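What the coordinates show
The lines below spell out each chain.
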Amino acid sequence: MARGRAKLAVWKFASCDGCQLTLLDCEDELLAIAGAVDIASFPEASRAHVAGPYDLSLVEGSVTTPEDVERVQAVRKASRYLVTIGACASAGGIQALRNFASVQEFLAVVYARPDYISTLERSTPIAAHVPVDFELRGCPIDKGQLVEVLSAFLIGRRPNIPTYSVCFECKRRQNVCVMVAAGTPCLGPVTQAGCGALCPSYCRGCYGCFGPADTTNAPALSGWLQGTGVSRPDLVRAFRTFNAGADAFREESERDAG
Amino acid sequence: MPAKTPNRTLRIPALARVEGEGGMFIRTRDGRVTDVELRIFEPPRFFEAFLRGRRYTEPPDITARICGICPVAYQMSACLAIESACGVTVDGPLHDLRRLLYCGEWIESHALHVYLLHAPDFLGYQSAIEMARDHRPDVERGLQLKKVGNDILGLLGGRAIHPVNVRVGGFYRVPARAELEPLAERLRWARDAAVATVRWVAGFDFPDLEPDYEFVALRSDDCYPILEGRLGSNLGLDIAVDEFEEHVVEEQVPHSTALHARLRDRGPYLTGPLARFNLNFAQLSPLALELSREVGLEPPVRNPFRSIVVRAVELVYACDEALRLIAEYEMPARASVAVTPRAGTGCGCTEAPRGILYHRYRLDENGTITHARIVPPTSQNQATIEADLRAFVEARLDLPAALLTRQCEQAIRNYDPCISCATHFLTLEQA
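We now turn to the structure provided with this report. Keep in mind that this is a model prediction, so the values were computed, not measured. (Residues numbered from 1 in each chain as written. Chains lettered and ligands numbered in written order. Predicted model: local features only at pLDDT ≥ 70, side-chain atom pairs only at ≥ 80, totals over all residues. Heavy atoms only, no water.)

The next point concerns the overall build of chain B. Within chain B, the regular secondary structure consists of 13 helices and 13 strands. Reported as C-alpha extents along the three principal axes, the dimensions of chain B are approximately 75 × 55 × 35 Å. For chain B, the proportion of its 431 residues judged to be buried stands at 67%. Counting contacts in chain B only where the partners sit at least 6 residues apart, residues at least 24 apart contribute 72% of the total. In the structure as shown, chain B presents an accessible area of about 14,200 Å², 48% of it carried by carbon and sulfur atoms. Mean positive and mean negative side-chain charge positions of chain B (49 and 58 charges, respectively) differ by 3 Å. (Helix = DSSP H or I, 4+ residues; strand = E, 2+ residues; numbered from the N terminus. Buried < 20%, exposed > 50% of the residue type's maximum accessible area, 1.4 Å probe, protein only. Contact = heavy atoms within 4.5 Å. Areas by Shrake-Rupley, 256 points an atom, 1.4 Å probe, with all protein chains shown as cover. Lys, Arg positive; Asp, Glu negative; His and termini not counted. Charge placed at Lys NZ, Arg CZ, Asp CG, Glu CD.)

Residues and elements named next belong to chain B. Where helix α4 (residues 92-123) contacts helix α10 (residues 307-327), the axes come no closer than 9 Å and their chain directions differ by 155°. When the axis of α4 is compared with that of α10, the two are roughly antiparallel. The interaxial crossing formed by α4 with α10 has left-handed handedness. Taken together, the residues that form the contact of α4 with α10 break down as 17 nonpolar, four polar and five charged. (Axes fitted to C-alpha atoms, helices over the stretch in contact; angles between N-to-C directions. Parallel < 35°, antiparallel > 145°, perpendicular 65-115°, else oblique. Left-handed = near helix turned anticlockwise from the far one by under 90°. Nonpolar A, V, L, I, M, F, W, Y, C, P; charged D, E, K, R; others polar.)

Turning our attention to the sheet that holds strand β2 (residues 37-41) of chain A. Residues and elements named next belong to chain A. One open sheet accounts for five strands, arranged β2-β1-β3-β4-β5; its pairing is parallel. Bordering the open sheet on either side are β2 and β5 (134-136), each of which pairs with just one other strand. The average angle at which neighbouring strand axes cross in this sheet is 25°, direction not considered. For strand β4 (residues 79-85) and β5, the ladder comprises three bridges, and the chain directions are parallel. (Pairing = 2+ DSSP bridges.)

Our focus in this paragraph is empty space enclosed by the protein. Using the criterion set out here, one finds five cavities of 30 Å³ or more in the structure. Size it by volume and the largest cavity reaches roughly 130 Å³. For the largest cavity, the lining is made up of 22 residues, of which A:Cys16, A:Cys19, A:Cys88, A:Cys139 and B:His162 are closest to its centre. At the level of elements, α1 (18-24) and α4 (87-91) of chain A are the ones that each hand at least two residues to the lining of the largest cavity. (1 Å grid on protein atoms, 1.4 Å probe; cavity = no way out; pocket = protein on both sides within 12 Å on 5 of 7 lines; lining within 4 Å. Points joined across faces, edges and corners; volume = space filled by probe spheres on them.)

In this section: the sheet that holds strand β6 (residues 216-219) of chain B. Residues and elements named next belong to chain B. Ordered by their spatial adjacency, three strands build an open sheet running β6-β7-β8, and the pairing between neighbours is antiparallel. Bordering the open sheet on either side are β6 and β8 (238-239), each of which pairs with just one other strand. As defined by bridge partners, β6 adjoins strand β7 (residues 230-233) across four bridges and the pair is classed as antiparallel. When the sheet's bridge partners are listed, alanine 217 is paired in β7 with glycine 232. Helix-sheet contacts for helix α8 (residues 273-280) involve β6 and β7, and the interaxial angle to β6 is about 50°.

Right, here's the structure in full:
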């Protein structure tokens, strides 16, 4: 990457702040990271702001306002590499549930004066607006994966982030399959690894917070789950959470299951 | 005759070292503050709207996503509200485990605010990273203290941000006693670090400001409240959690996507560490009490800049309390109690790190949510933050604009505002 210390910027769009907090949650690594890179713009952590261009931009959040449509273009222009962090930036986040409803109705439910509020009909991922160099998944992202992505971009290699399903991690942890053994509905077979198979390790089914794995067969999982008694409305809700806007989950939730 | 004070405009387009997106705008004319706006432009995400039609089991996971810094607060208020709607009380060891998890969040959130967000204001740095050049042992202590909070969240919740192990009725999996032992070891270190934190921040300089606040917090005779008790104030408010909406009204203002709350017929109030401390001082642990007195902190503490010291005292308390809960822990036979849905409404209120967080849900007989309302602490504090800024600026109109603006930022950070949280609320009451 750049000669000298690389310049890092962290940007926020519509989000809960949890993914950028993950950087501050690197308690053992934070001061080392700050020594290795120039944290040029990170408003949640610092008043200091160094103007672009930046070698690496981490972008959190989804695009939900007309102003942010413009802002994301400026972020892209100022960044050599742009990496999205988390389900909001990579798939539109939980706020993409508006994409399946009327945003005007949502506004009226929440605000007495909807006319004060500037918002778009849809919540969209960053890649719907500008080219993205890498999407780091998760709601929230995993700390270890974040450090891996930072290291990879700073060194100039591909990040080593697996795209297989949660089942692989679950087997490696030697968990008993919650679906086979306890009949607990689990999205692990269609969800990308990265969390370390957390939910099955805590005796619950995966709820898909890392979004769809690389090659998924969501209809097959749906069929299997329906065979165990899960209703179609329950299935639709299962696919419509934090990655509702990700293609494989969106398509499955919209599929006419006849 | 003194020189005429020039008219001023103080502007912060985007506040740093807060969670979420907000700014500040202050205008003065003839020595008076004419406009004060804490501008919140964080885009709304409509949680209350899309909670409608979801199952009664879903709010803990969904509402956690309102805030990455205090997800446990959302999970706990949601659980209490839904359990109340279903006529279930979760007590005994499961309640204690919830309290332990919540202590983890207080430690994580308070350490983040004290060390990374607020202390740089008092010592004149742009960030904790810059501060570490001159105060490295302090910053490292803060980071490790924060990490112990995250360790509790990680063990009990599965992960620090958006824990997976919380459910309506309790948990999915409860730890064995032996799993908690290593935590106790780290918490003993953390308690010492918290004591050092109190002494460190107590030595800062605090600008003068002592408004007559109405402090609102949960109140309990049995403990320093986190997820128990009634709502009380220093001016006589004493209500059950489900009376909250009879006493608190919210209104929309043009410069904010978050509603302003006030007590009906009384006005703005303050929620958060200062309120908890002032209303529940006697319930602190002996060590936290001793430390408070050592640094001259006794109720009523009305200087909002001293909230950093109160947060440090609460860090001591949270470590003490977590150690007590671990020492007395006995693994419950079941990880959760059964919660059968029924038609009805339930409210829940808990002490998020930034103050009271209120949830209300209405369920139909199948357990589908038909109505949801969430009132986060920062939206309740907005009007009080603006009142603080008005009083603070009027007394300092002779200061240079850059310095005054910077002190205003510090005054806003007294509240550890969480703007991502604040931008979610509901006003319209459907019949």
